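# A structural walkthrough
One letter stands for each residue in the lines below.
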Amino acid sequence: MRGLERLAGELERIVAFFGRSAAWLLLALMGVIVADVTLRHWFVIGSTKLQELEWHLHGALFLLTMAWAYSRNAHVRIELVSERLSLRARAIIELAGITLLLIPYVAAILWFGSDYLAYSFAFNEGSASATGLPWRWIIKAILVFGFALLGLSAIARACRAILTLRKGGAG
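The model shown is predicted, which means the values in this text are computed figures rather than measured ones. The residue numbering used here restarts from 1 in each chain and proceeds along that chain's sequence as written. Since the coordinates come from a predicted model, pLDDT governs what is reported: local features require at least 70, and pairs of side-chain atoms require 80 or more to be given and counted, while whole-chain, interface and lining totals use all residues. The side-chain figures draw on all heavy atoms in the structure; neither hydrogens nor water molecules are used.

## Notes on a nonpolar patch on the surface
So the rule is basically this: Each patch is built from salt-bridge-free residues with over 30% relative accessible area, joining like charges within 9 Å and nonpolar side chains (Val, Leu, Ile, Met, Phe, Trp, Tyr) within 5 Å. All accessible areas in this document rest on Shrake-Rupley with a 1.4 Å probe, and a residue is counted as covered only by the protein chains that are shown. Here, a salt bridge means any side-chain nitrogen of Lys or Arg that lies within 4 Å of a carboxyl oxygen of Asp or Glu. Numbering goes from the N terminus for both helices and strands, where a helix is a DSSP run of H or I of at least four residues and a strand is a run of E of at least two.
Together, Trp-24, Leu-26, Leu-27 and Met-30 make up an exposed nonpolar region whose accessible area comes to about 460 Å². Residue position: Leu-26 is located in helix 2 (residues 25-43).

## Considerations on the side chain of Ser-127
For the record, the criterion: Each residue is assigned to one of three classes by its accessible area relative to the maximum for its type, calculated with a 1.4 Å probe on protein chains only: buried under 20%, partly exposed between the two thresholds, exposed over 50%. Counting of polar contacts relies on pairs of N or O atoms within 3.5 Å, with two restrictions inside protein: one atom must be capable of donating a hydrogen and the other of accepting it, and residues adjacent in sequence are counted only when both atoms are side-chain atoms. Note on definitions: a residue-residue contact is assigned when non-hydrogen atoms from the two residues lie within 4.5 Å.
Here Ser-127 shows up in the loop between helix 5 (87-122) and helix 6 (137-167). Since its relative accessible area comes to 16%, Ser-127 is described here as buried. A polar atom in the side chain of Ser-127 sits 2.5 Å from the side chain of Glu-52. Not counting the four nearest positions on each side in its chain, Ser-127 is found in contact with Glu-52, Gly-132, Leu-133 and Arg-136.

## Brief notes about helix 3 (residues 48-71)
Keep this limit in mind: Helix span, expected: 1.5 Å multiplied by one less than the number of residues in the helix. To obtain the bend at a residue, axes are fitted to the seven residues ending there and to the seven starting there, and the angle between these axes is taken.
With 24 residues, helix 3 extends 35 Å from end C-alpha to end C-alpha; this agrees with the ideal 34 Å at 1.5 Å per step. Bending of helix 3 peaks at approximately 35 degrees at the position of Thr-65.

## Description of unusual backbone geometry
Phi angles above zero are rare outside glycine, and Asn-124 is one such case at about 45 degrees. Looking at where Asn-124 falls in the secondary structure, it is placed in the loop between helix 5 and helix 6. By relative accessible area, Asn-124 is classed as partly exposed at 46%.

## Re the packing of aromatic side chains
Let me state the cut-off plainly: Planes of paired rings set the category: under 30 degrees apart is stacked, over 60 is edge-to-face and the rest tilted, where pairs are Phe, Tyr or Trp rings (Trp by its six-membered ring) whose centres lie within 6.5 Å. Throughout this description, the term charge over a ring refers to an Arg CZ or Lys NZ atom that lies within 6 Å of the ring centre and within 35 degrees of the ring normal.
Inspection of every chain in the model, using the stated rule, returns five aromatic pairs. An aromatic cluster is built from Phe-17, Phe-18 and Phe-145, whose rings are joined through pairwise contacts. Over the face of the ring belonging to Tyr-116 we find Lys-140, whose NZ or CZ atom lies 4.0 Å from the ring centre.

## Some remarks on the packing of helix 1 (residues 2-23) against helix 3
Filter applied, for reference: For helices, the fitted axis covers only the stretch in contact; all axes are lines through C-alpha atoms, and the angles between them, taken along N-to-C directions, range from 0 to 180 degrees. The cut-offs work like this: below 35 degrees is roughly parallel, past 145 is roughly antiparallel, 65 to 115 is roughly perpendicular, and the gaps in between are oblique. Handedness of a crossing is defined here by the sense of rotation of the near helix relative to the far one, left-handed for an anticlockwise turn of less than a right angle and right-handed for a clockwise turn.
Two elements in contact, helix 1 and helix 3, have axes whose closest approach is 8 Å; the angle formed by their N-to-C orientations is 135 degrees. When the interaxial angle is binned, helix 1 and helix 3 end up oblique. Along this stretch, helix 1 crosses helix 3, giving a crossing that reads as left-handed. The residues of helix 3 that touch helix 1, namely those facing Val-15, Ala-16, Phe-18, Gly-19, Arg-20, Ala-22 and Ala-23, are Leu-61, Leu-64, Thr-65, Ala-67, Trp-68 and Ser-71.

## A closer look at the pattern of salt bridges
In this structure the tally under the stated criterion is seven salt bridges. Its salt-bridge partner being Arg-13, residue Glu-10 comes within 3.0 Å of it at the nearest N-O pair. Of this pair, Glu-10 and Arg-13 both sit in helix 1, three residues apart, which is roughly one turn of the helix. Assessed through its relative accessible area of 40%, Glu-10 is described here as partly exposed. For Arg-136, the salt bridge is made with Glu-52, and the minimal N-O distance between the two is 3.8 Å. Taken as a pair, Arg-136 in the loop between helix 5 and helix 6 and Glu-52 in helix 3 lie far apart in primary sequence, 84 residues in all.

Right, here's the structure in full:
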C-alpha cells in the first residue's frame with residue numbers, strides 16, 4: 001500500500017508542477033486579448049496572428065491544467081447522487097469510471113493525437129490563413145502532452161481509489 005501511495009503522490013506532484021506552471025499562461029492570454037481589443041477598437045487594426053494566439057493560449061491553458069483540476073477534484077461533477085453515497089461506493093464508481101471510460105479515452109487521444117502531431121510536424125503545418133501563425137504542430141503537441149498529463153492524473157486517482165477500497169472506507 002505504501003508503494004501505491006508513493007506512486008499516486010509522485011504522479012500528483014508531476015501533474016501539479018505542469019498545472020501550476022501552465023496557469024501562468026492566463027497572464028499571457030489576458031495580455032494578448034487586451035492588445036487585440038485595443039488594436040481593433042482604437043486603431044482599427046485587426047490581426048489574425050493575435051486572434052490565433054488567443055485560441056492557442058486558451059487551448060494550452062485548458063489542456064495543461066485539466067489534469068491538475070482532475071487530480072485536485074476541482075472538475076465539474078454531478079453531486080446530486082454521489083453526496084449521498086458512502087466513501088467506498090464513490091471509490092468504486094471513480095475506479096470504474098477511470099478504468100472503463102477515462103483511460104481508454106486518453107489512450108485513444110494519445111494514439112491518434114500522436115499521428116496528428118507527427119503529420120503536422122513533418123509537413124511544418126501552419127495556419128490556413130496566409131497571415132496566421134506558423135508551426136501549428138506546437139498546439140498539437142500540447143494537446144498530446146495535456147492528455148498524457150490527464151492519463152497520469154487518472155492513474156493517481158485510481159491508486160487513491162484502490163487505497164480507499166483497501167482501507168475499507170465506509171465514510
